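Okay, here's what each chain looks like letter by letter:
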Amino acid sequence: MVAAADAQNYAQKLGITHGMVIQELGWDDDTDDGLRAAVEEAIGSEMLDEDTDEVVDVVLLWWREGDGDLVDELLNVITPLADDGIVWVLTPKTGHSGHVDPAEIAESASPAGLTQTSSISLGDWSGSRLVQPKTPSKQR
């Protein structure tokens with residue numbers, strides 16, 4: 001469990017601000033409740049689950065080794081994502097149960113039409129930031 005101040009910094013590190021629509025996927029008993037609470041406090045509401053039909057600004061995907069095919073999951077999570085939306089793949093850090101090699105995340109992003117832009121440390125979890133490449137505006 002993280003201290004409240006650290007958790008608040010997590011929401012900032014994730015670029016999460018008030019009013020954003022956040023979808024959370026892959027929640028389980030091992031997820032960081034402090035991080036989750038910080039995100040919900042930052043946005044001023046609860047995160048949405050997999051059953052939402054809303055367009056979302058950010059997807060927080062808790063992902064562990066053995067959770068399945070990451071490419072398939074990323075293809076699913078981009079469906080409700082806004083054009084400028086962000087997917088954060090949150091994985092246990094090296095040495096923790098369920099650790100996922102960062103190379104696997106980078107390799108899985110491309111077939112799903114995503115690009116990894118950065119990685120951050122979030123206590124016992126690591127966050128990999130994935131975005132949809134900007135498409136040049138079409139000339140008329």
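See the structure above.
Residues numbered from 1 in each chain as written. Predicted model: local features only at pLDDT ≥ 70, side-chain atom pairs only at ≥ 80, totals over all residues. Heavy atoms only, no water.

Trainee: I tried to follow the packing of helix α3 (residues 70-77) against helix α4 (residues 102-109) on my own but got confused; where do I start?
Mentor: Packed helix pairs are characterised by how far apart their axes lie and by the angle those axes make with each other. At a minimum axis distance of 9 Å, the contact between α3 and α4 shows a crossing angle of 55°. In terms of orientation, α3 lies oblique with respect to α4. Two packed elements cross with a definite hand, and for α3 against α4 that hand is right-handed. Residue-level inspection shows Leu70, Val71 and Leu74 of α3 in contact with α4, the latter providing Glu104, Ile105, Ser108 and Ala109. Of the residues contributing to the contact of α3 with α4, the split by class is five nonpolar, one polar and one charged. (Axes fitted to C-alpha atoms, helices over the stretch in contact; angles between N-to-C directions. Helix = DSSP H or I, 4+ residues; strand = E, 2+ residues; numbered from the N terminus. Parallel < 35°, antiparallel > 145°, perpendicular 65-115°, else oblique. Left-handed = near helix turned anticlockwise from the far one by under 90°. Contact = heavy atoms within 4.5 Å. Nonpolar A, V, L, I, M, F, W, Y, C, P; charged D, E, K, R; others polar.)

Trainee: Honestly, the packing of aromatic side chains in this entry has me stumped. Any pointers?
Mentor: For any two aromatic rings, the description comes down to two numbers: the centre-to-centre distance and the angle of the planes. Summed over the entire model, instances satisfying the criterion amount to one aromatic pair. Residues tryptophan 62 and tryptophan 125 carry aromatic rings whose centres are separated by 4.7 Å and whose planes lie at 80° to one another, so their mutual orientation is edge-to-face. A residue pair is termed long-range when its members are at least 10 positions apart, and tryptophan 62 in strand β2 (residues 56-62) and tryptophan 125 in strand β5 (residues 125-131) qualify at 63 residues. Comparing tryptophan 62 with tryptophan 125, the two get one shared label, buried. (Phe/Tyr/Trp six-rings, centres within 6.5 Å; stacked < 30°, edge-to-face > 60°. Buried < 20%, exposed > 50% of the residue type's maximum accessible area, 1.4 Å probe, protein only.)

Trainee: What should I look at first to understand the pairing of strand β1 (residues 22-25) in this one?
Mentor: For a regular strand, the rule is simple: side chains alternate between the two faces of the sheet. Side-chain alternation along β1 places Ile22 and Glu24 on one buried face and Gln23 and Leu25 on a second face that is also buried. Chirality of the crossover, the property in question, places the unit of β1, helix α2 (residues 33-43) and β2 among those that are left-handed. (Right-handed = clockwise from strand over helix to strand, strands pointing away.)

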